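Okay, here's what each chain looks like letter by letter:
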Amino acid sequence: MNKEVPVHILEKYPAGKRDGLIPILMEIQNEKGFLSEEVFQEVGRYLNIPANKVYCVATFYDRFRFKPAGRYLIQMCRGTACYLSGSTTYLDEFVRQLKVSPGGTSKDRRYSLEVTSCMGACDSAPVIRINDKIYSRVTPEDLVRIIRSLKEKTE
Ligand code: FES
C-alpha cells in the first residue's frame, strides 16, 4: 500500500463502495494536507473507480487541494453573508500585504490563500480560517492584527 493513502482511513470504508469516495478524500486531505496523483490511483483502485474519474470528482469541489499548502493556510469565506460583510476587501488586503494570489501559495511558501464557499457560520460573518483557527465577525481592525501577527510569526 502506498503511504500517500493511510490504510487506517481506507479500512473505515468498504472496498468497491463508491459512496465512500468524498469522505475518504476528505480524511486523506485532513491528514496529508492535499491530494496527490497517487491518492487518485490508490483510492480509485480501492473503490473500483478509474483514477481520472476520482480526480474529476475531486476538482468539482473547491475544498480539495492538489498541492501542499504554505505554512499558513488562509481560507476566506466568500459565501453570501461574508461577501455582504466585506470579505472581498479582506481578501484584497491578504493579497496586497502577503503577496499571495487567491488559490495560490506565496513564493516563500509561508502563505496559501483560498476562497471558500460558506463555512456554515453565517451569523458570525465575515469568517476567516487560518490553519485550525476560526476568526469570526472580523472587523477591519481585527484584520490588521491578524495580518501583523502572521507576518511576525513568519519573520
Ligand atoms: S457565508 Fe461565510 S460562513 Fe456562511
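The shown structure was predicted, so the numbers you read here are calculated from the model rather than taken from an experiment.

Details of the overall build of the chain
Part 1 of the argument: Tallying secondary structure elements over the chain gives seven helices and four strands in all.
Part 2 of the argument: Ordered by position from N to C terminus, the α and β elements of the chain give α-α-α-α-β-α-α-β-β-β-α.
Part 3 of the argument: With the C-alpha coordinates aligned to their principal axes, the bounding extent of the chain is approximately 50 × 35 × 25 Å.
Part 4 of the argument: Expressed as a percentage of the 155 residues in the chain, the buried residues total 37%.
Part 5 of the argument: Pairs at least 24 apart in sequence give 62% of the contacts found in the chain among residues at least 6 apart.
Part 6 of the argument: Carbon and sulfur atoms make up 50% of the accessible area of the chain, which totals about 9,100 Å².
Part 7 of the argument: One finds the centroid of the 24 positive side-chain charges in the chain at a distance of 2 Å from the centroid of its 19 negative side-chain charges.

Describing the environment of Lys-67
Part 1 of the argument: Here Lys-67 lies in the loop between helix H4 (51-60) and strand S1 (72-77).
Part 2 of the argument: On the basis of relative accessible area, Lys-67 is assigned to the exposed category, the value being 64%.

With respect to the environment of Asn-131
Part 1 of the argument: One can find Asn-131 in the loop between strand S3 (128-130) and strand S4 (133-135).
Part 2 of the argument: Between the C-alpha atoms of Asn-131 and His-8, which are 123 residues apart in sequence, the distance is 23 Å.
Part 3 of the argument: In contact with Asn-131, not counting residues within four places along its chain, are Arg-71, Tyr-72 and Leu-73.
Part 4 of the argument: Separated by 3.2 Å, the side chain of Asn-131 and the backbone oxygen of Arg-71 make a polar contact.

Some points on the pairing of strand S2 (residues 111-116)
Part 1 of the argument: For S2, the buried fraction is high: five of the six residues fall into the buried class.
Part 2 of the argument: Note that S1 and S2 share six bridges and pair parallel. Bridge pairing in S2 links Gln-75 to Glu-114.

Focus: the packing of aromatic side chains
Part 1 of the argument: In the structure shown here, the tally under the stated rule is five aromatic pairs.
Part 2 of the argument: Look at Phe-40 and Tyr-55: their rings are 5.2 Å apart centre to centre, the planes differ by 75°, and that puts the pair in the edge-to-face class. One end of the pair, Phe-40, is in helix H3 (residues 37-47); the other, Tyr-55, is in helix H4, with 15 residues separating them in the sequence.
Part 3 of the argument: For Phe-40, a relative accessible area of 5% corresponds to the buried category.
Part 4 of the argument: For Tyr-55, a relative accessible area of 40% puts it in the partly exposed group.

Some remarks on the packing of H3 against H4
Part 1 of the argument: Packing of H3 against H4 leaves a shortest axis separation of 8 Å and a crossing angle of 115°. Compared by their axis directions, H3 and H4 come out roughly perpendicular. Here H3 and H4 pass one another in a crossing that is right-handed. Across the interface between the two elements, Phe-40, Gln-41 and Gly-44 from H3 touch Ala-51, Val-54, Tyr-55 and Ala-58 from H4.

Points about the side chain of Ser-106
Part 1 of the argument: Residue position: Ser-106 is located in the loop between helix H6 (87-98) and S2.
Part 2 of the argument: Its relative accessible area of 4% is what places Ser-106 among the buried residues.
Part 3 of the argument: Setting aside chain neighbours within four positions, we find Ser-106 in contact with Leu-98, Lys-99, Val-100 and Tyr-111.

Digging into the domain arrangement of the chain
Part 1 of the argument: By the assigned domains, the chain splits into domain 1 (7-60) and domain 2 (72-154).
Part 2 of the argument: Between domain 1 and domain 2, the C-alpha centre-to-centre distance is 28 Å.

Reading the values: the criteria
- Residues numbered from 1 in each chain as written.
- Predicted model: local features only at pLDDT ≥ 70, side-chain atom pairs only at ≥ 80, totals over all residues.
- Heavy atoms only, no water.
- Helix = DSSP H or I, 4+ residues; strand = E, 2+ residues; numbered from the N terminus.
- Buried < 20%, exposed > 50% of the residue type's maximum accessible area, 1.4 Å probe, protein only.
- Contact = heavy atoms within 4.5 Å.
- Areas by Shrake-Rupley, 256 points an atom, 1.4 Å probe, with all protein chains shown as cover.
- Lys, Arg positive; Asp, Glu negative; His and termini not counted.
- Charge placed at Lys NZ, Arg CZ, Asp CG, Glu CD.
- Polar contact = N/O pair within 3.5 Å; in protein donor to acceptor, adjacent residues only side chain to side chain.
- Pairing = 2+ DSSP bridges.
- Phe/Tyr/Trp six-rings, centres within 6.5 Å; stacked < 30°, edge-to-face > 60°.
- Axes fitted to C-alpha atoms, helices over the stretch in contact; angles between N-to-C directions.
- Parallel < 35°, antiparallel > 145°, perpendicular 65-115°, else oblique.
- Left-handed = near helix turned anticlockwise from the far one by under 90°.
- Domains from an automatic or database assignment.

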